[in-house]
Amino acid sequence: MATTKKAVKRVGIVGFGFMGRMHYGNWKKMKGAQVVALCDKDLSQFTAPTTGGNIAGADATTDFGEARIYDDFDRMLAEADLDVISLTLPTPLHVPLTVKAIEAGVSVLCEKPMALHAADCNKMIQAARKAPRGAQLMVAHCLRFWPSYVFLKKLVDSQKYGRVLAASFRRFSAPPGWQKGTNWFADEAKSGGVALDLHIHDTDMVNFLFGMPRAVTSTAAFGKGGEMLYISTLYDVGGPAVTAEGSWAMTQTMGFEASYVVTFEKAVVLLDGKREKPLCVYPAKGEAFVPELAPGEGYEYEIQWFLDVLNGKKVPSIITPEQSRDSVKIVDAERKSAKTGKTVKIGK
Ligand SMILES: NC(=O)c1ccc[n+]([C@@H]2O[C@H](COP(=O)([O-])OP(=O)(O)OC[C@H]3O[C@@H](n4cnc5c(N)ncnc54)[C@H](O)[C@@H]3O)[C@@H](O)[C@H]2O)c1
């Protein structure tokens, strides 16, 4: 098996649905990396691509160049001499296949959510701590790399406009239905439902910006089968008033929406993709303005960052497996709070 010291990293992708294609398109942009293997148990994914999730941008090609196509993960792992794998599989497979790859000395960029429950994440963390050949683990919390959220993180950390007084985040979508075959997203035992699959993006952002909350108080709406369709959470971060809402109950005509409003002492910053100016700063003094952002999407930047880490470059610490586990832990508490109607404290 390969070491992590090669000039060109040999990349494999397992799970070639919506996110597999997203990772594929972005790995192809990287200098110093080559996608040499693609794996999906359903080979029709390579000839008729999944149409896509709630964000455009997944690569729709059916020409994979030199990359070898596999329908079996173990075979790909044994034969392809990989340095790194993008693991873009349904959530229940994140733990077993990540552990297998890491134990074989192959680094893993695993899609979020890390696992169905925080306790399961620890298995991945343990494997990464004893990984042979310096293999590393990253969970793809793309918002930490998304230009409009990177902008916000800088304002919070620098206190350019003073302290944060209040922050609210929102992520609304129609129920996912882009996967081929059975809709595994609709089964909460497999996807964790709206709280773990969608809303975790904002939970992780709260964790990133304000640290681990002491407690959460959530309310939710449920479908006829008891499945969670909507969640709203108040996070006790020991300072600003922080809330986030997530929904899978949007109509197709409304589509996807991700937004935030953050009130600083001396400015309000508003992101709303449905506005003419999606991101705008409204300072207490002076004119409102649209800040300049890095072009593109977080998916590309997260892969570039992980590649830099694997190449031993000095990069700022943006995400660790432990922080990714903590975001699952917060969501565990949110789901419990929504079901019991009580505030749930989050221990260390
Ligand atoms: N970061 C984001 O913005 C974002 C967006 C959507 C989904 N996701 C996450 O990405 C992951 C994948 O979601 P998706 O939308 O791509 O799902 P998907 O259903 O479109 O794709 C999953 C693919 O995995 C394949 N697969 C299943 N079992 C396999 C196995 N044992 N071996 C090989 N292939 C197998 C399926 O055939 C399918 O092609 C999920 O954890 C989801 O939560 C993240």
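So, how was this worked out
Residues numbered from 1 in each chain as written. Predicted model: local features only at pLDDT ≥ 70, side-chain atom pairs only at ≥ 80, totals over all residues. Helix = DSSP H or I, 4+ residues; strand = E, 2+ residues; numbered from the N terminus. Rg over C-alpha atoms; globule rule 2.2 N^0.38 Å. Buried ≥ 20, exposed ≤ 12 C-beta atoms within 10 Å, placed from the backbone. Contact = placed C-beta atoms within 7 Å. Near = placed C-beta within 6 Å. Nonpolar A, V, L, I, M, F, W, Y, C, P; charged D, E, K, R; others polar. Domains from an automatic or database assignment. Pairing = 2+ DSSP bridges. Axes fitted to C-alpha atoms, helices over the stretch in contact; angles between N-to-C directions. Left-handed = near helix turned anticlockwise from the far one by under 90°.

J.: Help me understand the overall build of the protein, please; the structure alone is not making it clear to me.
T.: For the protein, the helix and strand inventory stands at nine helices and 14 strands. Against the compact-globule benchmark of 20 Å for 348 residues, the protein has a radius of gyration of 20 Å, which places it among compact chains. The principal-axis extent of the C-alpha atoms belonging to the protein is close to 60 × 45 × 40 Å. In the protein, which comprises 348 residues, the proportion classed as buried is 44%. In the protein, the share of contacts with a sequence separation of at least 24, taken over all contacts with a separation of at least 6, comes to 73%.

J.: Just checking my understanding: could you explain the site of the ligand for this structure?
T.: The environment of the ligand is formed by 27 residues, the closest being Gly 15, Gly 17, Met 19, Glu 111 and Gln 179. A class-by-class count of the residues in the shell around the ligand yields twelve nonpolar, nine polar and six charged. Each of two domains, domain 1 (9-140) and domain 2 (144-300 + 327-345), supplies a minimum of three residues to the shell around the ligand.

J.: Can you walk me through the sheet that holds strand β9 (residues 228-236) in this structure?
T.: Whether parallel or antiparallel, the strands of a sheet pair through hydrogen bonds between backbone atoms. Reading across from one edge, β13-β12-β11-β7-β10-β9-β8-β14 is the order of the eight strands in this open sheet, with mixed pairing throughout. Because the sheet does not close on itself, it has two edges, and the strands there are β13 (279-283) and β14 (344-345). Across five bridges, the pairing between strand β11 (residues 257-264) and strand β12 (residues 267-272) is antiparallel. Residue Ser 259 lies in a different strand from β12, and its bridge partner there is Asp 272. Packed onto the sheet, helix α7 (residues 193-210) meets β7 (164-172), β9 and β10 (241-247) and runs at close to 155° relative to β10.

J.: Looking at this structure, I do not really get the packing of α7 against helix α9 (residues 321-340). What am I missing?
T.: Helix packing for two helices is described by the angle between their axes and how far apart those axes are. Relative to each other, α7 and α9 sit at 115°, their axes nearing to 9 Å. Read as a crossing pair, α7 and α9 show a hand that is right-handed. Where α7 approaches α9, its residues Ala 195, Leu 196, Ile 200, Thr 203, Asp 204 and Asn 207 are matched on the opposing element by Gln 323, Asp 326, Ser 327, Ile 330, Val 331, Glu 334 and Arg 335. For the contact of α7 with α9, the residue count by class is five nonpolar, four polar and four charged.

J.: What am I meant to see in the domain arrangement of the protein here?
T.: Interface size is often expressed as the accessible area that is lost when the parts come together. Domain annotation for the protein reports domain 1 (9-140) and domain 2 (144-300 + 327-345). Using C-alpha coordinates to define each centre, domain 1 is positioned 26 Å away from domain 2. Each side of the interface is counted separately: domain 1 has 24 residues, and domain 2 has 19 residues. With three residues, helix α1 (residues 18-27) is the single largest residue contributor to the side of domain 1 that touches domain 2. Considered class by class, the residues forming the side of domain 1 that touches domain 2 number ten nonpolar, eleven polar and three charged.

J.: Please explain the packing of α1 against helix α8 (residues 298-310) as it appears in this structure.
T.: Running from N to C, α1 and α8 point in directions that differ by 65°, and their axes come no closer than 9 Å. As α1 runs across α8, the sense of the crossing is right-handed. Contact with α1, carried on its side by Met 22, Asn 26 and Trp 27, involves Tyr 299, Glu 300 and Ile 303 of α8 and no other residues of that element. Looking at side-chain class alone, the contact of α1 with α8 contains four nonpolar, one polar and one charged residues.

J.: When you look at the sheet that holds strand β5 (residues 107-111) in this model, what are you seeing that I'm missing?
T.: Strand order in the open sheet made by the six strands is β3-β2-β1-β4-β5-β6, with parallel pairing throughout. The open sheet is flanked by β3 (68-70) and β6 (137-140), the only strands paired with a single partner. Sheet twist, expressed as the mean angle between neighbouring strand axes with direction ignored, is 25°. Direction of pairing for strand β2 (residues 33-39) relative to β3: parallel, over a ladder of three bridges. By the bridge assignment for β3, Cys 39 is matched with Tyr 70. Contacts between helix α3 (residues 94-103) and the sheet are confined to β1 (9-14), β4 (84-87), β5 and β6, with β5 contributing the most and set at about 165° to the helix. With respect to the sheet, α8 is in contact with β1, β2, β4, β5 and β6, its orientation differing from that of β5 by roughly 160°.

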